[in-house]
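# Reading the structure
What follows is the residue order along each chain.
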Amino acid sequence: MKQLAVILSGLLLALPAAAADYVALPGGSFSSVLPADGKVAPARIAPFRLRIEPVTNAEFLAFTQKRPEWQRDRVPALFADAGYLSQWAGNDALGAAISPSQPVTRVSWFAAEAYCESEQARLPTWYEWEYAAAADGQRADARKDPAWRERVLVWYSRPSNAPLPEIGGPADVHGVRDLNGVVWEWVDDFNALLVGSDSRDQDGADKFKFCGAGALNMQEKENYATLMRVAMLSSLKASNTTTNLGFRCAKSD
Amino acid sequence: MKRLLVLLCLVLCSAAQATTPLPRDSIYQLDVKLTDQAGKTWPLASRRGHVQLVSMFYSSCTMVCPMIVDTLKLTQKAVDEPDRDRVDLLLISFDPARDSVAVLNQYAERRKLEAPRWTLARAEPAPTRQLAALLGVQYRPLPDGDFNHSSELLLLDEEGRIVARTTVIGRLDPEFVQVVKKTLSAP
């Protein structure tokens, strides 16, 4: 009997405190601000599942307790800069100023990736994120609606020293929350968004690095709000952390 | 008896070296596994102890990647003997779906990239992305199977620190070569 209790408690401990919820998104052909071929080709997005809400302070704290190598005084500088989790009161405590149900921010790409791995997940790709964020309450792609654009831009104009909202905004048509309006989010391929097309159309050897502007499609003004996000992500290194940058995870179906 | 002591020291001394903590900026802190053109799988950190030139590529790339290989060869040749034999070269594919061990092996043979100096390696998609982030190499798949990618050569010292990088491809970068030579002659 005692043995059974031990086994049972072992099983219970092995379960995550509160398993994160994911919803299925159908994917399909999607007209991205970053054409798949650098010209006009739509992105092809395979069906995937996305975390309904961004990862919170409480969830990330639980992760660092299980994986102490990601605590802020232990993490190598290579994987997270000096600002990593610096808003928390301590290495192992959020403190009174931080709400457990605010999205965690000041996390590096490496830390976000490691967290998602702990949920048997990964970071979404840019295309997956952009596709999901195009939805509103009624439509999978609301980007043509000025109200959609307005909402995104109004959020951008909020001062960055304002306290972060808590998660739990209205669900969109897929059942996903808080994609626009709470925090910016890491994507898996954040550092590859502006790489030009194999440099094949360039001549001098010095230009082999890449030419970013060529990869952008500025034809539609709806793209502007989204391109700001591309520009922000592209300016980051994988070890960087910022006050407004959090993440959520995704899973391939 | 003396021989035993020497042996013992060899064992202990090398063990001591292996347990010296890595520098804080060593890429060998990344716990990923790579598989080379011979099909052997090893942790990235097993490259410790070698000065090496590193770049990322994919074997079906016809335009820039062959020039990356050429530039690696040029840079290696620019180092005088006997230091030249201590330059290791590591090419990591960012196309694990198509660059199998067999494909990497064929590529090495076709381009005369001989082991053990040359290592062509692949990793699973997630570690590949982590490695690229660490090395500062950018890539994105295109619908036709090609990749958008940045082209860079990196120099790693024996401890896995990135000591220099160059985006000069297709010809020698004299400044980069200088750092390679200096790193090889460091005590």
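Shown above is the structure to which this text applies.
Structural notes, computed from the coordinates.

Here is what the cut-offs are and how they apply
Residues numbered from 1 in each chain as written. Chains lettered and ligands numbered in written order. Predicted model: local features only at pLDDT ≥ 70, side-chain atom pairs only at ≥ 80, totals over all residues. Heavy atoms only, no water. Helix = DSSP H or I, 4+ residues; strand = E, 2+ residues; numbered from the N terminus. Buried < 20%, exposed > 50% of the residue type's maximum accessible area, 1.4 Å probe, protein only. Contact = heavy atoms within 4.5 Å. Areas by Shrake-Rupley, 256 points an atom, 1.4 Å probe, with all protein chains shown as cover. Pairing = 2+ DSSP bridges. Axes fitted to C-alpha atoms, helices over the stretch in contact; angles between N-to-C directions. Buried area = accessible area lost by both parts, 1.4 Å probe. Salt bridge = Lys/Arg side-chain N within 4 Å of Asp/Glu carboxyl O. Polar contact = N/O pair within 3.5 Å; in protein donor to acceptor, adjacent residues only side chain to side chain. Nonpolar A, V, L, I, M, F, W, Y, C, P; charged D, E, K, R; others polar. 1 Å grid on protein atoms, 1.4 Å probe; cavity = no way out; pocket = protein on both sides within 12 Å on 5 of 7 lines; lining within 4 Å. Points joined across faces, edges and corners; volume = space filled by probe spheres on them. Disulfide = S-S within 2.5 Å. Phe/Tyr/Trp six-rings, centres within 6.5 Å; stacked < 30°, edge-to-face > 60°.

## As for the overall build of chain A
From N to C terminus, chain A includes 6 helices and 7 strands. A buried classification covers 50% of the 253 residues belonging to chain A. Long-range contacts, defined here as pairs at least 24 residues apart, represent 73% of the contacts in chain A between residues at least 6 apart. Of the roughly 11800 Å² of accessible surface on chain A, a fraction of 58% belongs to carbon and sulfur atoms.

## Some points on the overall build of chain B
Within chain B, the regular secondary structure consists of 5 helices and 9 strands. The order of helices and strands in chain B, counted from the N terminus, is α-β-β-β-α-β-α-β-α-β-β-β-β-α. Counting the 187 residues in chain B, one finds 50% classified as buried. Nonlocal contacts in chain B, meaning residues at least 24 apart in sequence, comprise 69% of its contacts between residues at least 6 apart. Total accessible area computed for chain B in this model is approximately 9100 Å², and 58% of it derives from carbon and sulfur atoms.

## Notes on the sheet that holds strand E4 (residues 88–93) of chain B
Residue and element names in this part refer to chain B. Strand order in the open sheet made by the 7 strands is E2-E1-E5-E4-E3-E8-E9, with mixed pairing throughout. Each of the sheet's edge strands pairs with one partner strand only, and the pair in question is strand E2 (41–43) and strand E9 (162–166). On average, each strand axis in the sheet is tilted by 30° relative to the strand beside it, whichever way the strands run. Sitting on the sheet, helix H3 (residues 101–110) touches strand E1 (33–36), strand E3 (52–57) and strand E5 (118–122), and the angle it makes with E5 is about 155°. Helix-sheet contacts for helix H4 (residues 125–135) involve E1, E3, E4, strand E8 (153–156) and E9, and the interaxial angle to E3 is about 125°.

## A short note on the interface of chain B and chain A
Many descriptions give the size of an interface as the accessible area lost when the pieces come together. Tallying the contact residues gives 33 residues for chain B and 32 residues for chain A. Each partner contributes to the roughly 2700 Å² buried at the junction of chain B and chain A, and carbon and sulfur atoms together form 54% of this total. Our count for the chain B to chain A interface comes out at 1 salt bridge. Taking the shortest distance from any N to any O, the salt bridge between A:Asp188 and B:Arg129 comes out at 3.6 Å. Between chain B and chain A we count 4 residue pairs in polar contact (both at pLDDT 80 or more) in total. Of the residues forming the side of chain B that touches chain A, the biggest block, 5 residues, is contributed by H4(B). Residue classes in the side of chain B that touches chain A are distributed as 17 nonpolar, 9 polar and 7 charged.

## Examining empty space enclosed by the protein
All names here are of chain A. Summed over all chains, the structure comprises 1 cavity of 30 Å³ or more. Of the volumes computed, that of the largest cavity is approximately 60 Å³. Every residue lining the largest cavity is listed: Trp129, Glu130, Ala133, Arg143, Trp148, Val152, Tyr156, Asn180, Ala225, Thr226 and Arg229. Elements supplying a minimum of two residues to the lining of the largest cavity: helix H4 (126–133), helix H5 (146–156) and helix H6 (223–234). Along the lines of polarity and charge, the residues of the lining of the largest cavity split into 6 nonpolar, 2 polar and 3 charged.

## Quick word on the sheet that holds strand E1 (residues 22–25) of chain A
All names here are of chain A. If you trace the 3 strands from one edge of the open sheet to the other, you get E1-E4-E7, paired in antiparallel fashion. The sheet is open, and its two edges are formed by E1 and strand E7 (250–252), each paired on a single side. Across the sheet, the axes of successive neighbouring strands diverge by a mean angle of 25°, strand direction being ignored. Here 3 bridges tie strand E4 (residues 48–51) to E7, and the two strands are oriented antiparallel to one another. What sits directly across from Leu50, in E7, is Ala250.

## Considering the state of the cysteines
As used here, a disulfide is simply a covalent bond connecting the sulfur atoms of two cysteines. The final tally for this structure, using the stated rule, is 2 disulfides over all chains. Across the disulfide, A:Cys116 is cross-linked to A:Cys249 (sulfur-sulfur distance 2.2 Å). Between A:Cys116 and A:Cys249 the disulfide shows an S-S torsion of about -85°. By sign, it is left-handed. Residue A:Cys116 is located in helix H3 (residues 109–118), and its partner A:Cys249 is located in the loop between strand E6 (245–246) and E7; the two are separated by 133 residues in the primary sequence. Neither residue differs from the other here; A:Cys116 and A:Cys249 are each classed as buried. Covalently, B:Cys61 is tied to B:Cys65 through a disulfide, its sulfur atoms 2.4 Å apart. An S-S torsion of about 95° defines the bridge between B:Cys61 and B:Cys65 as right-handed.

## Comments concerning the packing of aromatic side chains
On inspection of all chains with the given rule, the structure shows 20 aromatic pairs over all chains. When the ring of A:Tyr115 is compared with that of A:Phe247, the centres are 5.5 Å apart and the planes differ by 70°; the resulting orientation is edge-to-face. On the criterion of sequence distance, the pair formed by A:Tyr115 in helix H3 and A:Phe247 in the loop between E6 and E7 is long-range, its members being 132 residues apart. Assessed through its relative accessible area of 5%, A:Tyr115 is described here as buried. With 4.9 Å between their ring centres and 10° between their planes, B:Phe94 and B:Tyr139 make a pair best called stacked. Within this pair, whereas B:Phe94 is found in the loop between E4 and H3, its partner B:Tyr139 is found in strand E6 (residues 139–141), the two being separated by 45 residues in sequence. Taken individually, B:Phe94 and B:Tyr139 each receive the classification buried, so the pair is uniform in this respect.

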